[in-house]
Structure formats: C-alpha cells, structure tokens
Amino acid sequence: METEHALGFINFLQQADGLAKTILALMLFASLISWYLILTKTVHNSLAIRRSRQFLEFFWATPSLTAVAAHLEEQQPKDPFSRLAHHGVIASSHHERYGVNRVSTAGSAGDFVTRALRKVIDEETARAESGLTLLASIGSTAPFVGLLGTVWGIYHALIAIAQSGSGGLDQVAGPVGEALIMTAIGLAVAIPAVLGYNFLVRSNRLMLARLDGFAYDLFAFLATGAKLDGQAQPTEVVAHLRTAEPAVAGRRS
C-alpha cells in the first residue's frame, strides 16, 4: 500500500527536476493559449456570421445604392460583408469626386473600386488568420515536447533505480509509468489545438469564399447601380451563412 501511495503524478512532480517542471509549465501555458484562441475565435466567427446575415438580409432587400450607403453611414460596420460594402461605397464615391480628371494616372473607376475591394478582402483574410499560426505550432510541437519530458523522466528514473541496486519489475514500472504521463500531457495539449485549427481554417475558408463572391456582386452594384440578374436569391445567401456550410445552390456558375 505504501508503494502504491508513493507512485503517481504527484510523486513524479516531487521527484522532477528543473527541466521536467519547465516542460510541464510550457505545456500548461501552451494549452491555455490554444484554448483561448479556439474559444475567442469561435465566438468571434459566430458573431461575424450572425452580423453578416443581418447585413445581407438588408443588402439584398435594398433596391438602391443610396439606401445602402445611408445604412452604412448610420451604423458602424461590424462584420466582413458590411466593411467590404462600406469601403466599396467610399472608393466609388471618392473616384467619382476626384478621379475624373486623372483617369490616365488613377485608372478607371472599375479598377479603383477593384483595388479597394481587394484591399479589404486581404485585410479580412489577415484578421481571420491571426493566431492560427501559433495554434498550428502548438498542435505540431506539443507531442514532441511531451516526449522530451518522457525521455528525460525515464532517464532519471533508470539512474535512480541503478543507484538503488534494485531492478525488479515493481521498481521499474512505477517511475517509467510516471514519466510516460508527460507524453499523455503532450497529446492532451496537441489534439485540441489540431482539431481547433482545422475547424477554424475551414470556417475562415468558407467565410472568405462567400466574401469574395459577394465582392463580385457588390462591384456590379457599384458599377451599374443595380444588382445582377440571375444571382443567388437573398434567402439562399442568408441560409448559407446561417448553416455555415459551403454554398452549393444559388451561386453563379
């Protein structure tokens, strides 16, 4: 009974040296960071989807560009779609006011608006991908960090057993088993990070794909003052954001 109580993770911590405790602290810190990124970005994406759905319901129901511009002027854009529309309207208005006399240097209105929309999409891409590199790094390195702790723990356990002069199975199994806990901790840190990374990447990819498609419709609206015929119906576009699934029906071919 005394041997059983002497074994376990608490005993491993008591026997661990500075390097082993440092590895444990690093993995705990990495786990906190990964869960923070997963939870905060999931909440942020959920809010962005809901706000985008509300804006698109308004956008597809609005017949004129003036009404869209007035709406964006009243309410601060809080989602990728409204920010894209806001900057598109500003770019179109700016070129209409100041670019007429400098067409040869500034380019056509279409080129000017296209560059503005592309800039916003690039910014939204960078915003969506922020933190994902760190999450991927945690998911890929945590198992190896845990394995390093296991190897170090087994090394010290074998040294202690050799010094004690007792090499029975009951003397070896406990310390080695305790050291293997480090590998389990590394996996416990890595698995949520990898799954969270894959989930967030897929969510961002779908959102950015819809944003790129919306930019095409917005460009046509800004260029002609009317929405394109034969495009996705409002209910279909909103349904895609509501379910957060890839657009299959209602997209342009």
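No experiment lies behind these values; they were computed from the predicted model shown.

Colleague: Break down the overall build of the chain for me, with residues and values.
Modeller: Within the chain one finds ten helices and zero strands. Helices (α) and strands (β) of the chain occur, in sequence order from the N terminus, as α-α-α-α-α-α-α-α-α-α. Here the chain, with 253 residues, has 36% of them falling under the buried criterion. Summed over all atoms, the accessible surface of the chain reaches about 14600 Å², with 63% contributed by carbon and sulfur.

Colleague: Any chance you could break down the packing of helix 5 (residues 80–98) against helix 7 (residues 109–129) for me, citing the residues and the numbers?
Modeller: Running from N to C, helix 5 and helix 7 cross one another at 155 degrees; their axes reach a closest spacing of 9 Å. For the element pair helix 5 / helix 7, the angle class is roughly antiparallel. When you trace helix 5 past helix 7, the crossing you get is right-handed. On the side of helix 5, the interface is formed by P80, R83, L84, H87, G88, A91, S92, H94 and H95, while helix 7 contributes A109, F112, V113, A116, L117, V120, I121, E124 and R127. The residue inventory of the contact of helix 5 with helix 7, partitioned by class, reads ten nonpolar, five polar and three charged.

Colleague: Pulling in residues and values, what's your account of the packing of aromatic side chains?
Modeller: Overall, the coordinates contain seven aromatic pairs when judged by the stated rule. On the numbers, 6.4 Å between centres and 80 degrees between planes, the contact of F55 with F214 is edge-to-face. Here F214 lies in helix 9 (residues 169–224) and F55 lies in helix 3 (residues 18–61), a separation of 159 residues in the sequence. Of the two residues, F55 and F214, both sit in the buried class. Following the ring pairs from residue to residue traces out a cluster consisting of F55, F59, W60, F81, F214 and F221.

Colleague: Which residues make up the environment of I33, and what are the values?
Modeller: You can see I33 is positioned in helix 3. Sequence separation between I33 and I138 is 105 residues, and the spatial gap between their C-alpha atoms is 8.9 Å. Once you skip the residues sitting within four places of it in the chain, I33 turns out to touch L134 and I138.

Colleague: Please provide a residue-by-residue account of the layout of surface pockets, values included.
Modeller: Roughly 250 Å³ of internal volume is contained in the second largest pocket. Forming the walls of the second largest pocket are 16 residues, and the residues nearest its centre are H44, N45, A48, P80 and E124. Those elements that provide at least two residues to the lining of the second largest pocket are helix 3, helix 5, helix 7 and helix 9. With six residues, helix 3 is the largest single contributor of residues to the lining of the second largest pocket.

Colleague: Summarise the nonpolar core; cite the residues concerned and give the values.
Modeller: In terms of nonpolar packing, the biggest core is built from 25 residues, with F55, F59, F81, L84, F214 and L218 touching the most fellow members. For this core, the elements supplying multiple residues, two or more each, are helix 3, helix 4 (65–74), helix 5, helix 7 and helix 9. Per-element tally for this core: the top contributor is helix 9, with eight residues. The contacts of F214, once residues within four sequence positions are left out, are F55, L56, F59, F81 and L84. L132, I138, M182 and V189 belong to the second largest nonpolar core, which has 15 residues in total.

Colleague: I'd like a description of the pattern of salt bridges, backed by residues and values.
Modeller: Enumeration over the complete set of coordinates arrives at four salt bridges. In this structure, the salt-bridge partner of R83 is E124, at a minimum N-O distance of 2.6 Å. Taken together, the positions of R83 in helix 5 and E124 in helix 7 put the pair 41 residues apart, joining distant regions of the chain. Residue K119 is joined to E123 by a salt bridge in which the shortest nitrogen-to-oxygen separation is 2.5 Å. One end of the pair is K119 and the other is E123, both in helix 7 and four residues apart, which spans about a single turn.

Scoring rules and cut-offs
Residues numbered from 1 in each chain as written. Predicted model: local features only at pLDDT ≥ 70, side-chain atom pairs only at ≥ 80, totals over all residues. Heavy atoms only, no water. Helix = DSSP H or I, 4+ residues; strand = E, 2+ residues; numbered from the N terminus. Buried < 20%, exposed > 50% of the residue type's maximum accessible area, 1.4 Å probe, protein only. Areas by Shrake-Rupley, 256 points an atom, 1.4 Å probe, with all protein chains shown as cover. Axes fitted to C-alpha atoms, helices over the stretch in contact; angles between N-to-C directions. Parallel < 35°, antiparallel > 145°, perpendicular 65-115°, else oblique. Left-handed = near helix turned anticlockwise from the far one by under 90°. Contact = heavy atoms within 4.5 Å. Nonpolar A, V, L, I, M, F, W, Y, C, P; charged D, E, K, R; others polar. Phe/Tyr/Trp six-rings, centres within 6.5 Å; stacked < 30°, edge-to-face > 60°. 1 Å grid on protein atoms, 1.4 Å probe; cavity = no way out; pocket = protein on both sides within 12 Å on 5 of 7 lines; lining within 4 Å. Points joined across faces, edges and corners; volume = space filled by probe spheres on them. Core = buried A, V, L, I, M, F, W, Y, C linked by side-chain atoms within 4.5 Å. Salt bridge = Lys/Arg side-chain N within 4 Å of Asp/Glu carboxyl O.

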